[in-house]
Amino acid sequence: MTAPTRPQHEIRAQYTDTTVTVYQAYSPLIGRPAVRDGHFPDVWKRDRMTWIKPSFLWMMYRCGWGTKEGQETVLAVEITREGFAWALNHAELSHYVRGVHPDRATWQRSLRRSPARVQWDPERDLRLNPLPYRSLQLGLGAEAARRYADEWTVSIRDVTPLAREIHGHVRAGRLDEARALLPAESPYRTDATPPRG
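Keep in mind the model is a prediction, meaning the values are calculated, not measured.

Quick question: what am I supposed to make of helix α6 (residues 160–171) here?
Note that an α-helix has 3.6 residues per turn; residues three or four places apart therefore point the same way. Between its terminal C-alpha atoms α6 stretches 16 Å, which fits the 16 Å expected from 12 residues at 1.5 Å a residue. Three or more residues of α6 are buried, namely T160, A163, I166, H167, G168, H169 and V170. Its buried side turned inward, α6 meets α2 (56–63), β4 (73–80), β8 (153–158) and α7 (175–181). Just downstream of α6, G173 is the residue with a positive phi angle, here 80°.

If you want it as structure tokens, here you go:
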């Protein structure tokens, strides 16, 4: 009997009845005060696009397990489910897809008006190789970024030590030990309707 295949586009996340955890990675200049104070510091730019990722392993791929310059502090940011749903419901795909959009000009107009962007990238395994199904990245423009930082954020944790511990197991070939430490992510059920393409 073969295992059921995963949907091509599915949000998988660690969540509770009221919150969902997303990941970002920053320099210690931003990451440490964010963890200490429970909110993003003033130096964090609220007027520019910021990308949040519900997938821990996709974040590890993006930040190189917290080793890339400017991404040495990996944050688990717990935000309200209402805020996450607002962003999904106000998002446009980050790229034009024939058949999803009537034409490129319509997509461009919608993208300019949308405070959030959805991008579906290949999910990653423990060795950060691409998997045949997609993982959500959610880009928050100025309006959404301000709401994220100042309204939706419930808590911010430093998960850099966890990233390093898992990475150490992976490098040593101890994949079962690494897998046991991963945050438990499940298919995320929501009435919000992110665009797919």
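I'm lost on the packing of aromatic side chains in this one. Help?
Each pair of aromatic rings is reported with the distance of its centres and the angle of its planes. Applying the stated criterion across every chain, the model contains 10 aromatic pairs. Counting every residue linked through ring pairs, the aromatic cluster contains Y26, F40, W44 and Y148. For the cation-ring pair, R124 lies above Y61, with the distance from its terminal atom to the ring centre recorded as 3.6 Å. Above the face of the W86 ring, R147 is positioned so that its terminal group lies 4.2 Å from the ring centre.

Even after reading the chapter, I still don't get empty space enclosed by the protein, so can you show me in this structure?
Unoccupied space between atoms shows up once a probe the size of one water molecule is rolled over them. Summed over the entire model, instances satisfying the criterion amount to 1 cavity of 30 Å³ or more. For the largest cavity, the calculated volume is near 40 Å³. Around the largest cavity sit E10, I11, R12, P54, S55, E123, S135 and L136, which together line it. The residue inventory of the lining of the largest cavity, partitioned by class, reads 3 nonpolar, 2 polar and 3 charged.

What counts, and where the lines are drawn
- Position numbers for residues start from 1 in each chain and track the written sequence from start to end.
- Given that this is a predicted model, residues contribute local features only at a pLDDT of at least 70 and side-chain atom pairs are listed and counted only at 80 or more, while totals for whole chains, interfaces and linings are drawn from all residues.
- Here the side-chain values reflect all heavy atoms present in the structure, with hydrogen atoms and water set aside.
- A run of DSSP states H or I qualifies as a helix once it reaches four residues; a run of E qualifies as a strand once it reaches two. Both are numbered from the N-terminal end.
- Working rule for helices: expected span equals 1.5 Å times residues minus one.
- Relative accessibility thresholds used throughout: buried, under 20% of the residue-type maximum; exposed, over 50%; partly exposed, between the two (1.4 Å probe, protein chains only).
- It only takes one pair of heavy atoms within 4.5 Å for two residues to be counted as in contact.
- A pair of Phe, Tyr and Trp rings is counted when the ring centres sit within 6.5 Å of each other, with Trp represented by its six-membered ring. The angle between the planes then sorts it: under 30 degrees is stacked, over 60 is edge-to-face, the rest tilted.
- Think of it as a cone above the ring: NZ of Lys or CZ of Arg counts as a charge over the ring if it is within 6 Å of the ring centre and within 35 degrees of the ring normal.
- Computed over the protein atoms alone on a 1 Å grid, cavities are sets of points where a 1.4 Å probe fits but cannot get out and pockets are open sets with protein on both sides within 12 Å along at least five of seven lines; a residue lines them when it has an atom within 4 Å of a point.
- Grid points are joined across faces, edges and corners, and a volume is the space filled by probe spheres set on the points.
- Gly counts as polar in this scheme, as do all residues outside two lists: the nonpolar Ala, Val, Leu, Ile, Met, Phe, Trp, Tyr, Cys and Pro, and the charged Asp, Glu, Lys and Arg.

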